[in-house]
Each structure stands twice: as structure tokens, then as C-alpha cells.
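# Examining the three-dimensional arrangement
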Number of protein chains: 2
Amino acid sequence: MNLKAGNALIAQGGGPTPVINNSVYGVFHELRRNLGEGSRIWGSQQGISGLFENKLFDLSTVAEDSWAAIARSPGAILRSCRRQLDWEAAETAVQTLQKKEIRYFFYVGGNDSMDTALKISRAAHDMNYDLMVAGVPKTIDNDLPETDHCPGYGSAARFIIQSFIDLGNDVYSLPTPISIMEVMGRNSGWLTAASMLARMRPDDAPHLIYLPEVPFSVESFLTDIQKVVDGQGWAVAAVCEGLKDKEGTPIGIQKESRARDGFGHPMQGDVSATLAAAVRSRTGLRARSEKPGLLGRASSLLRSSVDAREARAVGKKAACRTLAGETGFMVSIQRVSEDPYEVEYGAVALSEVANVERLLPAKFITGEKNNIRDEFSNYVKPLIGGKLERYPRLVD
Amino acid sequence: MNLKAGNALIAQGGGPTPVINNSVYGVFHELRRNLGEGSRIWGSQQGISGLFENKLFDLSTVAEDSWAAIARSPGAILRSCRRQLDWEAAETAVQTLQKKEIRYFFYVGGNDSMDTALKISRAAHDMNYDLMVAGVPKTIDNDLPETDHCPGYGSAARFIIQSFIDLGNDVYSLPTPISIMEVMGRNSGWLTAASMLARMRPDDAPHLIYLPEVPFSVESFLTDIQKVVDGQGWAVAAVCEGLKDKEGTPIGIQKESRARDGFGHPMQGDVSATLAAAVRSRTGLRARSEKPGLLGRASSLLRSSVDAREARAVGKKAACRTLAGETGFMVSIQRVSEDPYEVEYGAVALSEVANVERLLPAKFITGEKNNIRDEFSNYVKPLIGGKLERYPRLVD
């Protein structure tokens, strides 16, 4: 075996997923088999911040039997960050990598992390430092372009689908006429759209689905809700946290005190609370809201087995390609067959994905813009891994 | 075997739990073994409403192998209601029972349902109709008096504890400094208090716990949060949906448009959203909120095995006692041993429990009134059934 020289660094950026640690293991495991005896494989603590603050963790100190528990754990085991680099910081990063003789750099993350990886890759090139840089896709939002889907999405979708099954069963069994549940998603509705898989019977929840891809109107929403309640006596709506009106203003109660996350994106949320209050005050109907929020990306019980497998595979593929001399890419997933579900792994230039958000295609949205077409289930179903808990009904 | 004559009626009232259907099965199974061939065992659709609307379901038509799926299902399989009876309605109910030759009536429910059972029991007595009435306890709030705990609580506690483990792991891994998660509970903090079992390490979530038993002050809350963040950089708080200030006014954004549930209780909620907004605007710290809401009582995956077993047992005991000629009681649970956990089932007069709410004893609340004492874990731990998913840490 032709072992390679040089050290490696793995970091996790942005919001965690239930399977992100599988990707770290995938990278680590492949590197360890292929790097020479003297090579070190570091984990960067709190994303790229660890590199600047010299908080690196030697991953070879992790006992082999601890990796199983780590891979099963949601959350970023190396901790994560929301930090963007400018070109100067990217140069500093490369100087530090150079000092530590790190020749392989992996960033497991979403759009923003891919931007960081791209900048480091370009800075290394400009500085003539031989560094292999790979992006390992990860996001529950599923909004990275040039890949069929993103690791993390399948598990988060599984959580959302099961939650709508559970919620629908509860609301059906007790006449709380209206429940509005909020789903994560800053600009894209992939995750909210997945809620449609909760439906089996004609009147199963969710009855209405609202996405950030469609300008939101409170008036239309109230009309929609009333119509469903008139028809069957109860209604469950799925609303994305990123809903915006036609002027682009986020729906939600925190307009006045809008906080921003570390990337300068507005912190959204409380859309469901706002809309439930609107239903109560405007229609007089009883309405409540639920917002699982971060729980939607934090559950090990609702992890998708397919997602876990793919998260590990994209890590492994990233390592393989860098070891073969490739740099400046993100691993991608291509669906080569839907039934039976089968994927192949490819690569796409970081410049193609950094800061690019892929929205839900309009073809999946119904004409009334308040629901998702049945065809979408073919896309999501293979990703959620295994059967869901579904409940019988006895009485009308 | 000495088989009994007469028909029976089983109803489910109030909010469902993950194990409430076990109680229906417990009652049904015991009755079927003991009632004569010609007896019918009815399920009342939508709680007591089914009796008035003549929507009764013949439970003997359920195939034996369907009961396993029903028992595993959260939500009320007969559907439920929020309906209180006055004395006149109670008399009408008894007349209807009499017409259908129903001699056994079981109401699976909480405080309000016990009031209905009591009224029907008294009306039957006054009308000289020989009716055996039993209350079967059920409530995730755990606020029925004269019983160690209530079926439904253990499963809901399991959900809340696992959710705080998951949330804490997520917040730790990404620097969102503050998350505030809301837990169900109108007036009692039993369920919110259970969140303390999520803690294993000294800095594990939740770091602060606020209960409706303690008058809530936003100022103290902000000071508490700031202190935790100053100490360890992040904070997770558990807040009960029923928090009220010292005047008794509910904390929450819906003060102005306060809706009421079917029993006339105000519909609460959105406490976490309100408090997260207060943190952001008052301290400048980034804060977000989560509110699993109804999901907390609707999950089959987080059902407690102990809870399921006990829910079935209280149903069975209710049936046994009525068959032995007892009436006007609710089945109670006594803890006879903590380690190993062991219970016995008793009975308490409906008049002792109807409309009485049992609050969390002050001895479990810390001196600062913002947390739960360690001793409480001895109470909750045996009820949640089985191990929780806990996650390792690798880096500081």
C-alpha cells in the first residue's frame, strides 16, 4: 500500500444534523487507512474557529469502540460554528495549516461552510501551498445545489413526517380544531414539503403546506384554513419558519427585535405562534401552534438509516478523492435508480456550490400554492429509511 | 365462573396520552372475561358526547389482533371531548344508560372527566338506577390527587427528558447561546420538573426550570439566564406553558386574544416564544425557543413501557372493582417500594378527586425557585421505563 504523507484536519460547520458525525468518521476512517504512520488526523474544535484558536483534537486518541456511539449521536461531536472568512482570514488559515503541515482539509457543512472551504482552497492555490480541500455536504435544509440531496435531510424529514403523523393522530382524537406546526428552513421548503409523507388516509394531516418559495398571504391562509375546517371539522397546517410575504418580509412576531445569526442571516421563527394567533383573532376558531424547532435535527431515535449510511459514505468519498490528488470539490450524490433506490457519489467544484441555495422546484407545488403534489413522495421516501409509526382508527 | 349481566360503556375524556388506549383495553379485556354472553361492551365516541349523540361503538367487533396496534397507539382511539356536564345533563346521561341497560360506566380521563363520572354516579344513585361507575386515571399533567402518579405522565416525562437531552446536545455543539423550551402543564409543573432527569454532566441542560407553582418574574428570569451564560457560555431553560406572574396573569403573547378551551380554561402557550423575545430585546443575547407542544403527548416511540403496563392495569382494576360491586371511585396507584420499583392499586372516592388539582410539592423546588432538587429524580425515574439515548462529548 502506498501510504501518503502529511497531516489532515476535519471540521464541522453550521447547524448539526442527526448524522453529521458519521461523515467525520467516514473521513477519519479512510484517512487512517491511507496516511503514513507519522501523519496526524486532527479535528478542529468549533468548526474553522479551532484552527485560529489552536484548538485541535487528535482524533486518533478516540478508542475504536467509541466511534460507534459518536456516529450514532446527533450534534457536532467536534462542535461547530457560524463563522465566515474573508480573504485575509483565509490566508491566515492557510499559513496555520502550513505550519502544522496539514495537507488535507475537510469541511463538513452547508452553503456557508462551502464558501469557507472554497476560500481556503483558493488561498492555498495563490500561496502555492499544496493543500487538498474537500467539502462534505451536510444540511437538513437540503438546499445545496448540484447534488440529488444532502446528508442530514433524510433524518430531519423522518422526524418531521413522524411528527405530523403523531400530531394528526392527536388532533383527530380530540377536537382541537386547528394546529399549526412550524418546520425549520430559512429559504427553502424541502423539509416542510416532506411533511406530505405523513398522509395515508384522505383526511390525514397535514392538510395545508406553506413554503418560503411562495409569497405568503395571511388572508389566503385564513381562507384555506376555514375551508378545511368547514369540510372535515379540523385542520393541521405545516408552515416553514422562513415564510415571507410578497414584499419579502418574514412572517413572525419578532419583526421589531429581529436578531441575526453569526452569518448575518435574520433569526426567524415563531411563525406558527403568529399564525395561530391570527386564526384565533380573525376567525374565532380555536387554534394552537407547535414548534419542535431544534428537536427536528437533534433526535437519534428518528435518524434515517439510509441517511446515516450516506453521511458516512460522503465522508469516505471526500477522503478518497483528496488522497487521489483532487481538491476544491464537494462530494455530491446522484440518484441512479429510484426503485430500487440506488445512488452514486460524484464531485462538484466548490465554486459551483458555495453560497448557492437550491430551492424546491415549482413542479412539486400545487396550483393553489398551499400544498405539495403527490409526486414529491417518490423523491423523499427512499431517504427517510425504514418504516414510520402509523396508527389505526376505530371510529369516525 | 359467575358471569354478570348488563352492558358496559367506556369513554375517553380530555387530552390523550401515549398510553390511554391501554386503559381501554384493560377495561374491555377484563369485562369480556366476566360479563355474560348477551352483554355488550360499548365504546362511547368522543367521550361522553357519544352517549348523548348515540354514537356508540361495539368494542367486541374489534379483532383480537387489532388490539395490540391500538394499545401501542397514542391518541384516544374512541376519540375524546372536552365537555362538562351539569346535573340536568347527568340525569339525561343516566336515562340513556338505563335505556341501553348499561350497568357499568368507565371514564378514562383527568380532573374534569372525574367530575363527569362523579355527577353520573350521583345522578344514578338519586334516580335509583343500579350503575357501577369507575374513573380510570389518565393525564400527562400528573395532577390527579390521591394517587402516586397518573398513567400518561411517565411517557410524557420520557418525551420531555429525551427532548432536553437532544436539545442540550444540539445547543452545546453549536454556539446558539440560549434556547428556551416550553413544556405542557396548565397549573402544575410535574412534567416540566421531569426535565431535570436530562442532566448527567454538571453543565447538562436544562440549567433552569420554571414552574407554574412559583410566581414568575421576567426580571429574575433574565438575571438567571445571564448568570448561566456568564458561567458556561450557553443556557437551556425549561419553562412551563402555565407560567403566571405574581398577579396570576399568564405569561405569553396571547393575553389580548386569549382563547378558551371547551372547559372554559384559558388556552395557554407561546411562553417560550415570549421569553426568547424578551431575552433578545433586553439582554442583546441571541435566544431561540422551541415548543414541542402536543408532540409531547403523541409519540409512540417515546412511550414508557412502565407507563403502558400501568395504564392497562388501572383499566383492569377498574373493571374488577365494578364487577365486585364497587362504584363512585377512581383507581389509584400506590408506590410500595422505590427500589425495586413496585406499586399496588387502590381506589379513591370520585368526590375526593373530581376537579381537584395536585400541584408539585414545594419540597422539590430549590430555594432560588428556578430549579428542581435532585431528590425529585427518585420519584420520576422509575416511571419513564427503560434507558434514554445519551450522547458522548469529545471536546470542550
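Residues numbered from 1 in each chain as written. Chains lettered and ligands numbered in written order. Predicted model: local features only at pLDDT ≥ 70, side-chain atom pairs only at ≥ 80, totals over all residues. Heavy atoms only, no water.

### Examining empty space enclosed by the protein
Tallied over the full model, the rule gives eleven cavities of 30 Å³ or more. Its volume calculated, the second largest cavity comes out at about 180 Å³. Every residue lining the second largest cavity is counted, 16 residues in all, and those nearest its centre are Phe 159 and Leu 302 of chain A together with Phe 159, Ser 299 and Leu 302 of chain B. Elements with a contribution of two residues or more to the lining of the second largest cavity: α6 (153–173) of chain A together with α6 (153–173) of chain B. (1 Å grid on protein atoms, 1.4 Å probe; cavity = no way out; pocket = protein on both sides within 12 Å on 5 of 7 lines; lining within 4 Å. Points joined across faces, edges and corners; volume = space filled by probe spheres on them. Helix = DSSP H or I, 4+ residues; strand = E, 2+ residues; numbered from the N terminus.)

### Overview of the sheet that holds strand β6 (residues 178–183) of chain A
Two modes of strand pairing occur in sheets, parallel and antiparallel, and in both the strands are linked by backbone hydrogen bonds. Residue and element names in this part refer to chain A. If you walk across this open sheet you meet the four strands as β7-β8-β6-β9, and the pairing is parallel. Edge positions in the sheet fall to β7 (208–210) and β9 (287–290), since each has one partner strand and no second. Sheet twist, expressed as the average angle between the axes of neighbouring strands with direction ignored, equals 20°. Bridge count for β7 against strand β8 (residues 235–240) is three bridges, and the pairing is parallel. Counterpart to Leu 208 in the pairing with β8 is Ala 237. Contacts from helix α9 (residues 271–283) reach β6, β8 and β9, with the element oriented near 180° to β9. (Pairing = 2+ DSSP bridges. Axes fitted to C-alpha atoms, helices over the stretch in contact; angles between N-to-C directions. Contact = heavy atoms within 4.5 Å.)

### A short note on the pairing of strand β4 (residues 102–109) of chain A
Residue and element names in this part refer to chain A. In terms of burial, β4 is a largely internal element, seven of the eight residues being buried. Pairing analysis gives six bridges linking β4 to strand β5 (residues 132–137), with the strands arranged parallel. Counted as the bridge partner of Val 108 is Val 136 from β5. Between β4 and its parallel partner β5, the chain crosses via helix α5 (residues 111–126), and the hand of that crossover is right-handed. (Buried < 20%, exposed > 50% of the residue type's maximum accessible area, 1.4 Å probe, protein only. Right-handed = clockwise from strand over helix to strand, strands pointing away.)

### Quick notes on the relation of the copies chain A and chain B
Once chain A has been moved 0.0 Å along the axis and rotated by 180°, it coincides with chain B to within an RMSD of 0.0 Å. Given the turn and translation reported, the copies of this chain are related as if by a two-fold rotation axis. (Least-squares fit on C-alpha atoms with pLDDT ≥ 70 in both.)

### So, the interface of chain A and chain B
At the junction of the two partners, chain A supplies 69 residues and chain B supplies 69 residues. In total, about 5,900 Å² of surface goes out of reach between chain A and chain B, with carbon and sulfur atoms giving 60% of it. Our count for the contact surface shared by chain A and chain B stands at four salt bridges. Of the charged contacts, one joins Arg 297 of chain A and Asp 170 of chain B as a salt bridge, the two residues approaching to 2.9 Å between their closest N and O atoms. Linking chain A with chain B are 23 residue pairs in polar contact (both at pLDDT 80 or more). When residues of the side of chain A that touches chain B are traced back to their parent elements, those giving at least two are α3 (64–72), α6, α9 and β9 of chain A. (Buried area = accessible area lost by both parts, 1.4 Å probe. Salt bridge = Lys/Arg side-chain N within 4 Å of Asp/Glu carboxyl O. Polar contact = N/O pair within 3.5 Å; in protein donor to acceptor, adjacent residues only side chain to side chain.)

### Here we look at the packing of helix α8 (residues 218–232) of chain B against helix α9 (residues 271–283) of chain B
Residue and element names in this part refer to chain B. Axis separation between α8 and α9 bottoms out at 11 Å; the angle between their running directions is 70°. Comparing their axes, α9 and α8 come out roughly perpendicular. Between α8 and α9, the contacting residues are Val 218, Glu 219, Phe 221, Leu 222 and Gln 226 on the first element and Leu 275, Ala 278, Val 279, Arg 282 and Thr 283 on the second. Here the contact of α8 with α9 is built from residues that sort into six nonpolar, two polar and two charged. (Parallel < 35°, antiparallel > 145°, perpendicular 65-115°, else oblique. Nonpolar A, V, L, I, M, F, W, Y, C, P; charged D, E, K, R; others polar.)

### Remarks on the packing of helix α1 (residues 20–34) of chain B against helix α3 (residues 64–72) of chain B
Residue and element names in this part refer to chain B. One way to put it is that α1 packs onto α3 with a least axis distance of 8 Å and a crossing angle of 150°. Considering their axes alone, α1 and α3 lie roughly antiparallel with respect to each other. Seen from α1, the contacting residues are Asn 21, Asn 22, Val 24, Tyr 25, Phe 28 and Arg 32; seen from α3, they are Glu 64, Trp 67, Ile 70 and Ala 71.

### A closer look at a negative patch on the surface
Negative charge collects at one region of the surface, where Asp 86, Glu 88, Glu 91 and Asp 126 of chain A lie side by side. In this structure, Asp 126 of chain A sits in helix α5. (Patch = residues over 30% accessible without salt bridge, like charges linked within 9 Å, V, L, I, M, F, W, Y side chains within 5 Å. Areas by Shrake-Rupley, 256 points an atom, 1.4 Å probe, with all protein chains shown as cover. Lys, Arg positive; Asp, Glu negative; His and termini not counted. Charge placed at Lys NZ, Arg CZ, Asp CG, Glu CD.)

### Some words on the environment of Gly 248 of chain B
Positionally, Gly 248 of chain B belongs in the loop between β8 (235–240) and α9. Linking Gly 248 of chain B and Leu 85 of chain B, residues 163 residues apart in sequence, is a C-alpha distance of 27 Å.

### Observations regarding the packing of aromatic side chains
Enumeration over the complete set of coordinates arrives at 23 aromatic pairs over all chains. Aromatic pair Tyr 25 of chain A and Trp 67 of chain A: ring centres 5.0 Å apart, planes at 40°, arrangement tilted. With Tyr 25 of chain A in helix α1 (residues 20–34) and Trp 67 of chain A in helix α3, this pair connects stretches of sequence that are 42 residues apart. Residue Tyr 25 of chain A shares its accessibility class with Trp 67 of chain A, and that shared class is buried. By the ring-pair criterion, three or more aromatic residues cluster together here, those being Tyr 153, Trp 190, Phe 364, Phe 376 and Tyr 379 of chain A. Sitting over the face of the ring of Tyr 172 of chain A, Arg 79 of chain B holds its NZ or CZ atom 3.8 Å from the ring centroid. (Phe/Tyr/Trp six-rings, centres within 6.5 Å; stacked < 30°, edge-to-face > 60°. Lys NZ or Arg CZ within 6 Å of the ring centre and 35° of its normal.)

Just distances and angles here, no functional claims.
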